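# Survey of secondary and tertiary structure
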Amino acid sequence: MCSRRNNTILALAISSLMLLGACEEMTEVVPEQAEVPGTAKEAAAAADIEKYVILTGEHHATLSFENVALDQLKFNALFDSTAIYSTIDPANQADINKLYGMADCNSYHHTNSARFGWRWHEEQLEIWAYTYVNGERNSAFVDTVSLGVFNEYEISFEDNNYRFRLNEKEVEMPRQCEATAEGYKLFPYFGGDETAPHDISIWIEELKN
């Protein structure tokens, strides 16, 4: 009698373990979203920090346009752990996503524009200067940044020259026109050829010059 009961208990235990294993295999791992530091949360609630989310399967965080005329675009930006991603095609991992900037020279942004770009590449978050000048695309590496930390970015629009600054690092790139930049703002964008593999959150606080 005891032997039959023990066999029954053993069979139930094995069935439970098999079911648990199957559940674990089917569980999808989703990146955890890092909390924004408390001071940043308070500032965001008070005023000017915008949270942009590029949804799974999308390129754009927003499709809104804002016409501006600026000599300088200055802002703070924070990435959390959702900036960590792997592309479907490994060759696309080197593609530069877009952070923030503007179209220039009163033209379409694929004709003239300046913005910061970013990518998760070789286990680090790289920041790039990214421009179109008379329809020609150009990029230059600026620096790497840490997740969960605000960094200061600046694009200065000089005569025939863009000056990109990230904290203490600077990069200069050619510009098609002179004087004040006239165009529209360009907001966070993922891709490249591929869309966002999961929701990606970016916090931006535009600063006054």
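This text follows the structure it describes.
For the structure given in this document, a descriptive report is provided here.

What counts, and where the lines are drawn
- Here the residue index of a chain counts from 1 through its sequence in written order.
- Owing to the predicted nature of the model, reporting of local features is limited to residues with pLDDT of at least 70; listing and counting of side-chain atom pairs is limited to 80 or more, with chain, interface and lining totals taken over all residues.
- With hydrogens and water stripped out, all remaining heavy atoms of the structure feed into the side-chain values.
- Think of a salt bridge as a Lys or Arg side-chain nitrogen and an Asp or Glu carboxyl oxygen that are within 4 Å of each other.
- Counting from the N terminus, the helices are the DSSP runs of H or I reaching at least four residues and the strands are the DSSP runs of E reaching at least two.
- Exposure classes here rest on a 1.4 Å probe applied to the protein chains alone. A residue is buried below 20% of its type maximum, exposed above 50%, and partly exposed in between.
- Between the rings of Phe, Tyr and Trp (Trp by its six-membered ring), a pair exists once the centres lie within 6.5 Å; its type follows the angle of the planes, with under 30 degrees stacked, over 60 edge-to-face, and the other angles tilted.

This brings us to the pattern of salt bridges. This structure, assessed with the given rule, holds 11 salt bridges. Across the pair Lys185 and Glu66 runs a salt bridge, and its minimum N-O distance is 3.6 Å. Of this pair, Lys185 sits in strand β11 (residues 181-186) while Glu66 is found in the loop between β1 (49-54) and β2 (67-70), placing the two residues 119 residues apart along the sequence. Its relative accessible area of 8% is what places Lys185 among the buried residues. With a shortest N-O distance of 3.4 Å, Lys169 and Asp143 are connected by a salt bridge. Separated by 26 residues along the polypeptide, Lys169 in strand β10 (residues 169-174) and Asp143 in strand β7 (residues 136-145) bring together distant segments of the chain.

Now for the packing of aromatic side chains. Applying the stated criterion across every chain yields a total of 16 aromatic pairs. Ring centres of Phe75 and Tyr100 lie 5.0 Å apart, and the angle between their planes is 80°; on these two criteria the pair is classed as edge-to-face. Of the two residues, Phe75 sits in strand β3 (residues 72-79) while Tyr100 sits in strand β4 (residues 97-103), which places them 25 residues apart along the sequence. The structure contains a cluster of three or more aromatic residues connected by ring pairs, namely Tyr52, Phe75, Tyr100, Phe116, Tyr153, Phe157, Tyr162, Phe164 and Phe187.

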